[in-house]
Amino acid sequence: VPPTALPTRLPGPERLELGTATASYQVEGASTADGRGPSIWDTFTARPGTIRDGSDGSVACDSYHRYTEDADLVADAGLDWYRFSVAWPRIVPEGRGRVEQRGLDYYDRLVDALLERGVKPTGTLYHWDLPQPLEDAGGWLERGTAEAFADYAEVVHARLGDRVGLWATHNEPWCAAYLGYAAGVHAPGRQEGGRAHRAAHHLMLGHALAAERLRAGEHPVDVGIVLNLAPIWAEDPERPEVQDVADGVDAIRNRVWLDPLVDGAYDAGLLRVAPELADAELVRPGDLERIQGSADWVGLNYYTPVRPDLPGVGKADHPEGGAYPGVAPFELVVREPVTDIGWEIDASGLDELIRTTAERTGLPVLVMENGAACADTVVVEGTVRDEDRIGYLRDHLAAAERARDAGADLRAYVVWTLLDNFEWAEGYTKTFGIVHIDPETQDRTPKASYHWLAETVRARA
Ligand code: PNW
């Protein structure tokens, strides 16, 4: 990247930029290095029974030490950008107050390593690693967490903003709020029912407060939020009971984030599912006005469509099941074919989601994650064959281009993920990487999908 092009900003509409992504807790390891404080994921993974293989992110891909190899891999594939996330507990170990310079130094080195190789860095400020002291004070159920988040965001941007001007505040706040505080399958592992809507509001408030600080800083910025919105396909839309649960799922998966962002309101339909959001102590005067218009772009993470149906029809033990408090009992149907993590494959969902999100928000859209878990087979001669992943990526990239051709303002497509890494509740049992990681040595071996992606980039150029 020529110095004159700094900092990395929102890409223009001329061409679809391509990248790949990771997240701090999933790849960095070194969980006690250089003054990093504990996060809710350190605490959660230490609790027996939370992670399928009993593992944690304390070593992961050791990207904290091997980030130059990661930067080489992204550059060698010819990708435009690398999406990383910043670990809040490395920067502000107690969650608020004292700043740890050694944590900032790490991201400084990472950003420079990318720029030296001609890769544009883009950052996410919150990919789920909340400092444990903030959780001890109530976590995202408390307003103070949103305020602390804005302080932390300002510190990061002051240090990196001369080179990184494309920031996402949150990654998938639906997961943080509802998998974390309702279903309890992600950290902090709480089952608070409708109180999880408080977390949703505080996450959006935190986004807005952080966006204000970034915009007020000395460095120019395009600030957005990355949502895992989903196409909601009622299995039997003619039946009012099915349509009703589908509306409820849509409210919590999509509208609780988009409505305040676009309309500055939680409407009556949403309040029916989430009456907690009518609480004037929670949603204070001015909150919704601050959230409205607080994003310059919207990021989408898409893996699979969501198909609600009545109880007894779908997957009763679906991990998302408990993540929609306030919705009448329902089940999610999963149709074949599925990936190795059991998520239905349907690329038309991505096309639909990009178009509807662009229309609903009027904002530039970036696909910030898309990819597949595959049971990769390691074969001799150092090659890892993952033909299923190639098929998935090819079909979804084509779907993204269809949406663009249909006029949607889509600017980028980012593959999840560069490296096989710590896949949250699934531990290391599900691999999404285009690069294989040896679990003993952390050695990196590009898979067939990596070579396919590199070839696709070259062919396009
Ligand atoms: C997203 N669910 O996570 C995240 O942004 C990534 O960090 C993650 O590795 C990727 O998708 C693949 O899972 C999710 O259970 C994890 O519904 C779980 C769920 C959804 C998203």
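Residues numbered from 1 in each chain as written. Predicted model: local features only at pLDDT ≥ 70, side-chain atom pairs only at ≥ 80, totals over all residues. Heavy atoms only, no water.

Peer 1: What am I meant to see in helix α13 (residues 348–361) here?
Peer 2: At 3.6 residues per turn, the α-helix brings residues three or four places apart onto the same side. With 14 residues, α13 ought to run about 20 Å at 1.5 Å a step, and its terminal C-alpha atoms sit 20 Å apart, in line with that. Those residues of α13 not exposed but buried are Gly 349, Leu 350, Asp 351, Leu 353, Ile 354, Thr 357, Ala 358 and Thr 361. In this structure, the buried residues of α13 make contact with α10 (240–263), β6 (297–301), β9 (365–369), α14 (387–405) and β12 (410–416). (Helix = DSSP H or I, 4+ residues; strand = E, 2+ residues; numbered from the N terminus. Expected span 1.5 Å × (residues − 1). Buried < 20%, exposed > 50% of the residue type's maximum accessible area, 1.4 Å probe, protein only. Contact = heavy atoms within 4.5 Å.)

Peer 1: Hey, could you run me through the site of the ligand in this one?
Peer 2: The environment of the ligand is made up of 18 residues, and the closest members are Gln 26, His 127, Glu 369, Glu 423 and Trp 424. Within the side chain of Asn 171, a nitrogen or oxygen atom sits 2.9 Å from an oxygen atom of the ligand. Between an oxygen atom of the ligand and a side-chain N or O atom of Tyr 303, the distance comes to 3.4 Å. Surface burial for the ligand is 93%, taken as the share of its 450 Å² of free accessible area covered by protein chains. Per element, the largest residue contribution to the shell around the ligand is 3 residues, and it comes from helix α8 (residues 173–183). Partitioned by chemical class, the residues of the shell around the ligand number 9 nonpolar, 5 polar and 4 charged. (Near = heavy atom within 4 Å. Polar contact = N/O pair within 3.5 Å; in protein donor to acceptor, adjacent residues only side chain to side chain. Areas by Shrake-Rupley, 256 points an atom, 1.4 Å probe, with all protein chains shown as cover. Nonpolar A, V, L, I, M, F, W, Y, C, P; charged D, E, K, R; others polar.)

Peer 1: Looking at this structure, I do not really get the sheet that holds β12. What am I missing?
Peer 2: Through backbone hydrogen bonds, the strands of a sheet pair up, either in parallel or in antiparallel fashion. If you walk around this closed barrel you meet the 8 strands as β1-β2-β3-β4-β5-β6-β9-β12, and the pairing is parallel. Pairs of neighbouring strands in the sheet enclose a mean axial angle of 25 degrees, with direction left out of account. Pairing of β9 with β12, which is carried by 3 bridges, proceeds in the parallel orientation. By the bridge assignment for β12, Leu 366 is matched with Ala 412. In the packing of α8 onto the sheet, the strands contacted are β3 (120–126), β4 (166–171) and β5 (222–227), and the crossing angle to β5 comes to about 40 degrees. (Pairing = 2+ DSSP bridges. Axes fitted to C-alpha atoms, helices over the stretch in contact; angles between N-to-C directions.)

Peer 1: Could you clarify how one ought to interpret the UniProt feature "binding site: substrate" (unreviewed entry) in the protein chain in this entry?
Peer 2: In the UniProt entry, the feature "binding site: substrate" (unreviewed entry) is given for Gln 26, His 127, Asn 171, Tyr 303, Trp 416, Glu 423 and Trp 424. Tracing the chain through its elements places His 127 in the loop between β3 and α6 (132–136). If sequence neighbours within four positions are ignored, His 127 has contacts with Ala 23, Gln 26, Arg 83, Ser 85, Asn 171, Glu 369, Trp 416 and Trp 424. Structurally, Trp 416 can be placed in strand β12. Residue Trp 416 is classed as buried on the basis of its relative accessible area of 3%. (UniProt positions renumbered as here; feature names shortened; annotations may be inferred.)

Peer 1: Teacher, can you tell me more about the packing of aromatic side chains here?
Peer 2: Counted according to the given criterion, the structure contains 28 aromatic pairs. Aromatic side chains Tyr 25 and Phe 422 sit 5.4 Å apart centroid to centroid with 90 degrees between the ring planes, which places their arrangement in the edge-to-face category. Of the two residues, Tyr 25 sits in helix α1 (residues 24–27) while Phe 422 sits in the loop between β12 and β13 (435–437), which places them 397 residues apart along the sequence. Assigned by exposure class, Tyr 25 and Phe 422 land together as buried. Here the aromatic rings of Trp 41 and Phe 422 are separated by 6.3 Å at their centres, their planes lie at 75 degrees, and the arrangement is edge-to-face. With a gap of 381 residues between them, Trp 41 in helix α2 (residues 40–45) and Phe 422 in the loop between β12 and β13 connect regions that are remote in the sequence. For the pair shown, Trp 41 and Phe 422 are each scored as buried. Within the aromatic cluster, the residues linked to one another by ring pairs are Tyr 25, Trp 41, Phe 44, Trp 128, Phe 422, Trp 424 and Tyr 428. Across the ring face of Trp 174, the terminal group of Arg 253 is positioned such that the distance to the ring centre comes to 4.3 Å. (Phe/Tyr/Trp six-rings, centres within 6.5 Å; stacked < 30°, edge-to-face > 60°. Lys NZ or Arg CZ within 6 Å of the ring centre and 35° of its normal.)

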